[in-house]
Amino acid sequence: MELRQVRYFVAVAEELHFGRAAARLHIVQPTVSQQIRRLERAFGLELFDRTTRTVTLTAAGRTFLTHAQAMLRAERAATEAMAALRAEQESTLRVGTTVGLGLRLDAVLTALTERAPQLMVELVSADRATRLRQVRDGELDAAFIRGPEHSPGLELLPLWTDVLVAALPAGHPLAARQRVALTDLAGLPPSIAARDAHPQLVDAVVHACRAAGFDPVMGAAFTTDQDTLAAIAAGRPSWTVYFASQAEIQPAPRVAFRPFTDPAPALRTHLAVRPGPPSRRLAAFLDACNSLERAESPRVRGGAEPVP
């Protein structure tokens, strides 16, 4: 039994006329008659009593009509559900995020709303490897990524450079300065993430320290914003790094965020996407990201963001 046969049967049963049923279905009458015959052979039962003047349902036909109409209602419900799901997917953008986007993320979403107010954004938090895999597998439309500019099977589109700032005790003498040189921090242990958790960040800090003439002796690993900043504020003198845009919104009354003197450590942010022309909704998101780079305010450029 085919669904089209069920549809033809219902049309004939409701019209009680093969010609009118064919016209309603926008097909020729012989096709309707042929498919009804095949359906009857499949059941081994006559569904209609036919004369030269009338068409009526048999007892089998009346029994089958109830089920046939239910089948068509189920088909319509399934079609409508799939259409609604497709519409939702076409109006929803799933984006992987990373820590420390701070004010930049809000600015991107604001710019996107101006360009595509109907578009919904679902933000997904996951580690870097998971984000890349999910973009590759189509589970995410895009993902913010920092660090290396290559990933197999993906395009990494450059967005902006995130400058790092120092977070140190507000009562430390270095906090009285407008800017802090890395060489001045050589005697203090940095409290940053374990390398296996954030290799790009750790490598950027270590490379900057070595360029300044010293190898940093690591302190306690960064755990959470609250615990790490509390330890910096009240424990033995130490420091950590935050992305500038996050430091601007990070509450830490006993911690001072200070820009580094040039050259300051920084990381480039990319948007990981699948190769090929972007969808309409992804193109709008890319334009929103690029608009932030084109019209970035001085506050965002010189600000400060937590980096675990």
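Since the model is a prediction, treat every value here as computed from it, not as a measurement.

Criteria and cut-off values
- Along every chain, residues carry numbers that run from 1 in the direction the sequence is written.
- The predicted nature of this model means local features are confined to residues of pLDDT at least 70 and side-chain atom pairs, given and counted, to a pLDDT of 80 or more, with totals for whole chains, interfaces and linings taken over all residues.
- Side-chain calculation: all heavy atoms of the structure are included, whereas hydrogens and water are not.
- Going along the chain from the N terminus, every DSSP run of H or I of four or more residues is numbered as a helix, and every run of E of two or more is numbered as a strand.
- As defined in this context, the radius of gyration uses C-alpha atoms, and a globule is described by 2.2 Å times the residue total to the power 0.38.
- The protein chains shown are the only cover counted for residues, whose accessible areas, like all others here, come from Shrake-Rupley with a 1.4 Å probe.
- By the counting scheme adopted, Arg and Lys are positive, Glu and Asp are negative, and His together with the chain ends is not counted.
- The atom standing in for a charge is NZ when the residue is Lys, CZ when it is Arg, CG when it is Asp and CD when it is Glu.
- Every angle, taken between N-to-C directions, lies between 0 and 180 degrees, and every axis is a line fitted to C-alpha atoms, over only the stretch in contact when it is a helix.
- In what follows, roughly perpendicular refers to angles from 65 to 115 degrees, roughly parallel to angles under 35, roughly antiparallel to angles over 145, and oblique to any angle outside these ranges.
- Left-handed is the label given to a crossing in which the near helix is rotated counterclockwise from the far helix by less than a right angle, and right-handed is the label when the rotation is clockwise.
- The criterion used for residue contact is that any of the two residues' heavy atoms lie within 4.5 Å.
- In the scheme used here, Gly and all other residues not listed as nonpolar or charged are polar, with Ala, Val, Leu, Ile, Met, Phe, Trp, Tyr, Cys and Pro taken as nonpolar and Asp, Glu, Lys and Arg as charged.
- Remark: exposure states derive from per-residue accessible area (1.4 Å probe, protein chains only) relative to the maximum for the residue type, with buried under 20%, exposed over 50%, and partly exposed in between.
- Here, a salt bridge means any Lys or Arg side-chain nitrogen found within 4 Å of an Asp or Glu carboxyl oxygen.
- Definition used in this section: a nonpolar core is a set of buried Ala, Val, Leu, Ile, Met, Phe, Trp, Tyr and Cys residues joined via side-chain atoms within 4.5 Å.
- Only residues whose relative accessible area exceeds 30% and that form no salt bridge are eligible for patches; like-charged ones are grouped when within 9 Å, while nonpolar side chains (Val, Leu, Ile, Met, Phe, Trp, Tyr) are grouped when within 5 Å.
- In this scheme, a helix's expected span is set at 1.5 Å multiplied by one less than its residue total.
- Whether two strands pair depends on DSSP finding at least two bridges between them.

Along the chain, the regular secondary structure elements total 11 helices and 9 strands. Here the C-alpha radius of gyration of the chain, 32 Å, is well above what a compact globule of 308 residues would show, namely 19 Å. Its C-alpha atoms give the chain principal-axis dimensions of roughly 105 × 35 × 35 Å. If you sum the accessible surface of the chain, you get close to 16200 Å²; carbon and sulfur atoms cover 54% of it. Within the chain, the 32 negative side-chain charges are centred at a point lying 5 Å from the centre of the 35 positive side-chain charges.

In this section: the packing of helix α1 (residues 3–15) against helix α3 (residues 29–43). At a minimum axis distance of 9 Å, the contact between α1 and α3 shows a crossing angle of 110°. Considering the angle they form, α1 stands roughly perpendicular to α3. Crossing geometry of α1 relative to α3 is assigned as left-handed. Taken together, the residues of α3 that come into contact with α1 (itself represented by Arg4, Gln5, Tyr8, Phe9 and Val12) are Thr31, Val32, Gln35, Ile36, Arg38 and Leu39. Grouping the amino acids of the contact of α1 with α3 by side-chain chemistry returns 6 nonpolar, 3 polar and 2 charged.

On to the environment of Leu65. Along the chain, Leu65 falls in helix α4 (residues 59–90). Residue classification places Leu65 among the buried residues on the basis of a relative accessible area of 15%. Expressed as a C-alpha distance, the spacing of Leu65 and Gln5, which sit 60 residues apart in the sequence, is 12 Å. Discounting residues that sit within four places of it in the chain, Leu65 has contacts with Phe9, Val10, Ala13 and Leu57.

Take the pattern of salt bridges next. Inspection of the entire model under this criterion finds 19 salt bridges. Across the pair Glu15 and Arg24 runs a salt bridge, and its minimum N-O distance is 3.2 Å. Glu15 sits in the partly exposed class, given a relative accessible area of 25%. Between Arg146 and Asp162 there is a salt bridge, with its nearest N and O atoms 3.1 Å apart. Here Asp162 lies in strand β6 (residues 155–169) and Arg146 lies in strand β5 (residues 142–146), a separation of 16 residues in the sequence.

Moving on to unusual backbone geometry. A negative phi holds for most residues other than glycine; trans holds for most peptide bonds. A cis geometry characterises the amide bond from Asp262 onward to Pro263, with omega recorded as 0°. Considering the arrangement of structural elements, one finds Pro263 in the loop between β8 (255–259) and β9 (266–273).

Quick look at the nonpolar core now. Grouped together as the largest cluster of nonpolar side chains are 24 residues, with contacts concentrated most on Leu164, Leu182, Leu185, Val205, Trp239, Val241 and Phe260. Broken down by secondary-structure element, the contributors of at least two residues to this core are β6, α7 (199–211) and β7 (240–243). Among the elements that make up this core, the one with the highest residue count is α7 (7 residues). With near-sequence residues (within four places) excluded, Val205 lies in contact with Leu164, Ile192, Trp239 and Val241.

On the surface, Met1, Phe43 and Leu45 cluster together into a nonpolar patch covering about 290 Å² of accessible area. Take Met1: it is sitting in the segment before α1.

Our focus in this paragraph is α1. Between the first and last C-alpha of α1 there are 18 Å, a value that for 13 residues agrees with the 18 Å anticipated at 1.5 Å per step. What α1 keeps buried is the set Gln5, Val6, Tyr8, Phe9, Val10, Ala11, Val12 and Ala13. At the exit of α1 stands Leu16, carrying a positive phi of roughly 50°.

Moving on: the pairing of β6. By the bridge criterion, 8 bridges tie β6 to β9 in an arrangement that is antiparallel. In the strand pairing of β9, Trp160 is matched with Thr269. Where β6 lies against β7, 4 bridges are found, and the strand directions are antiparallel. Opposite Val165, over in β7, you have Tyr242 as the bridge partner. In terms of strand pairing, β6 meets β8 through 5 bridges, oriented antiparallel. By the bridge assignment for β8, Ala166 is matched with Arg258.

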